[in-house]
2 protein chains.
Amino acid sequence: MNQVEVFKALGNKNRLQILTWLKDPEQHFIDYTPACKDVDVGVCVGHIHKKSGLTQSTISEYLAVLHRVGLVSATRIGQWTYYKRNEETISALGNLIDTI
Amino acid sequence: MNQVEVFKALGNKNRLQILTWLKDPEQHFIDYTPACKDVDVGVCVGHIHKKSGLTQSTISEYLAVLHRVGLVSATRIGQWTYYKRNEETISALGNLIDTI
DNA sequence: AATATATATCGATAATTCCCGATATACCTA
DNA sequence: TAGGTATATCGGGAATTATCGATATATATT
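All of these numbers come straight from a predicted model, not from anything done at the bench.

### Quick word on the pattern of salt bridges
Residue and element names in this part refer to chain A. Throughout the structure, instances matching the rule amount to four salt bridges over all chains. Between Glu87 and Arg85 there is a salt bridge, with the nearest N and O atoms lying 2.7 Å from each other. With relative accessibility at 37%, the residue Glu87 sits in the partly exposed group. Owing to a relative accessible area of 5%, Arg85 belongs among the buried residues under this scheme.

### Structural notes on the protein's contact with DNA strand D
Neighbouring DNA strand D are 23 residues; Thr58(A), Tyr62(A), Gly46(B), Gln56(B) and Ser57(B) lie closest to it. Atoms of DNA strand D within 4 Å of the protein: sugar and phosphate make up 66%, bases the balance. Residue Asn14(A) places a side-chain N or O atom 3.3 Å away from a phosphate oxygen belonging to DNA strand D. Gly46(B) has a polar backbone atom sitting 2.8 Å from a phosphate oxygen of DNA strand D.

### What about the sheet that holds strand E1 (residues 43–44) of chain A?
Residues and elements named next belong to chain A. What the three strands build is an open sheet, ordered E1-E3-E2; its pairing is antiparallel. Looking along the sheet, the strands with just one partner apiece sit at the ends: E1 and strand E2 (72–77). Examined bridge by bridge, E2 and strand E3 (residues 80–85) share six bridges and lie antiparallel to one another. What sits directly across from Ser73, in E3, is Lys84.

Analysis parameters
Residues numbered from 1 in each chain as written. Chains lettered and ligands numbered in written order. Predicted model: local features only at pLDDT ≥ 70, side-chain atom pairs only at ≥ 80, totals over all residues. Heavy atoms only, no water. Salt bridge = Lys/Arg side-chain N within 4 Å of Asp/Glu carboxyl O. Buried < 20%, exposed > 50% of the residue type's maximum accessible area, 1.4 Å probe, protein only. Near = heavy atom within 4 Å. Polar contact = N/O pair within 3.5 Å; in protein donor to acceptor, adjacent residues only side chain to side chain. Pairing = 2+ DSSP bridges. Helix = DSSP H or I, 4+ residues; strand = E, 2+ residues; numbered from the N terminus.

In structure tokens, the structure reads:
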């Protein structure tokens, strides 16, 4: 994990917001339904986009940033890409704070 | 604590480095001696400046950033300003990660 | 193959950050 | 008060980031 890059990724109100939305998709995304029965793959770009008020390209870019630093996972299913919090990385970050 | 601002402050290699140096002044600063017998006030700007390889103004600015977001305390004694890690804020940040 | 939809990427501009040198301010000592 | 040292602030150029609209790519449907 690249500490500096992770902190940069978190140093943006909108990206931080997305991460918290992803904590509880049912609560934050009106028309959310899980894409898979058995595996939780998260929320598709379009839902996040609609909720955000930002453009589609910006949201796509932000999700790519969060993915690049490992804060979310990405799963392509058909024409949708679903993003989901990577809790391992997030809690690892919590521990890492102690080593700073 | 302003989350976004704290993450921005940490999203810089040099500021992160300074924070880790301040963890153990004896180890990282050759000619370090505590400024006070009874209270630990940390390390003065000049020492950090010399070790960093960056200019005095940049270091002063970086320390101001870290101070503004609460990651370090600042103590002026005579003509020196001493900066010290604010462990409370840092561990609070660790907890805050869980709420992200 | 043609079209429609979802997402990703490209190119651009404005805003912000990085980092500098120069200068100002604060404090100390003589 | 004058001069010296430590730190802070100012002004600026280069680099990066934020965010957009336009376009490309991938997938699905007919």
